[in-house]
Amino acid sequence: MLKLPVCPHYSTIYRYSEVKKTAFKKKQICYHYKKEFNISKKGIIVLALLVICAAAALNLAQLYITPSLSLLFLLATNIILVAVGVLLIPFFITYKGSNKKENKSDKAEKNVKKQK
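What comes next is a walk through the structure.

The rules behind each value
- Residues numbered from 1 in each chain as written.
- Predicted model: local features only at pLDDT ≥ 70, side-chain atom pairs only at ≥ 80, totals over all residues.
- Heavy atoms only, no water.
- Salt bridge = Lys/Arg side-chain N within 4 Å of Asp/Glu carboxyl O.
- Buried < 20%, exposed > 50% of the residue type's maximum accessible area, 1.4 Å probe, protein only.
- Helix = DSSP H or I, 4+ residues; strand = E, 2+ residues; numbered from the N terminus.
- Contact = heavy atoms within 4.5 Å.
- Polar contact = N/O pair within 3.5 Å; in protein donor to acceptor, adjacent residues only side chain to side chain.
- Core = buried A, V, L, I, M, F, W, Y, C linked by side-chain atoms within 4.5 Å.

Scanning the entire structure with this criterion turns up one salt bridge. The salt bridge partner of K27 is E36, with a shortest N-O separation of 3.7 Å. Overall, the relative accessible area of 45% leaves K27 in the partly exposed class.

Next up on the list: the side chain of N59. With respect to the helices and strands, the residue N59 is situated in helix 2 (residues 42-65). Judged by relative accessible area, N59 falls into the buried class, the value being 17%. Once residues lying within four places of it in the same chain are set aside, the contact partners of N59 are L74, T77 and N78.

Looking now at the side chain of H9. In this structure, H9 sits in the segment before helix 1 (16-21). Within the structure, H9 has its side chain in polar contact with the backbone oxygen of E36 (distance 3.2 Å).

Here we come to the nonpolar core. The biggest cluster of nonpolar side chains holds 14 residues, and the ones touching the most others in it are Y14, F37, I89, I93 and Y95. Going through the elements one at a time, strand 2 (36-40) and helix 2 are the ones with two or more residues in this core. Per-element accounting of this core gives the leading share, three residues, to helix 2. With residues up to four places along the chain from it excluded, the contact list for Y14 reads L4, P5, C7, V19, Q28, I29, C30, Y31, F37 and Y95.

Encoded structure:
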């Protein structure tokens, strides 16, 4: 199931528009706790491969069903598939914790949060 990413530190929820704005940045700061984390774009590669495979399969199916199909119709279906892929980009992004060491107060704050 598709889901939007959450903050890796405190599970702060991000909306579609917020994820879309930061989709191509390297780092993000949690708006609630002001902690920095990395944005992983490996999912975008998977999404691109899915769109390419779906486009190829759909083109072959369309040409098999109606061999006299025009190139414009194939182009239109490919444009629609790419547009759907662009709309799905925020669902394929993941947030990962930064490599910075946490100090003791941050760890204590995290433990208190977990106990609640």
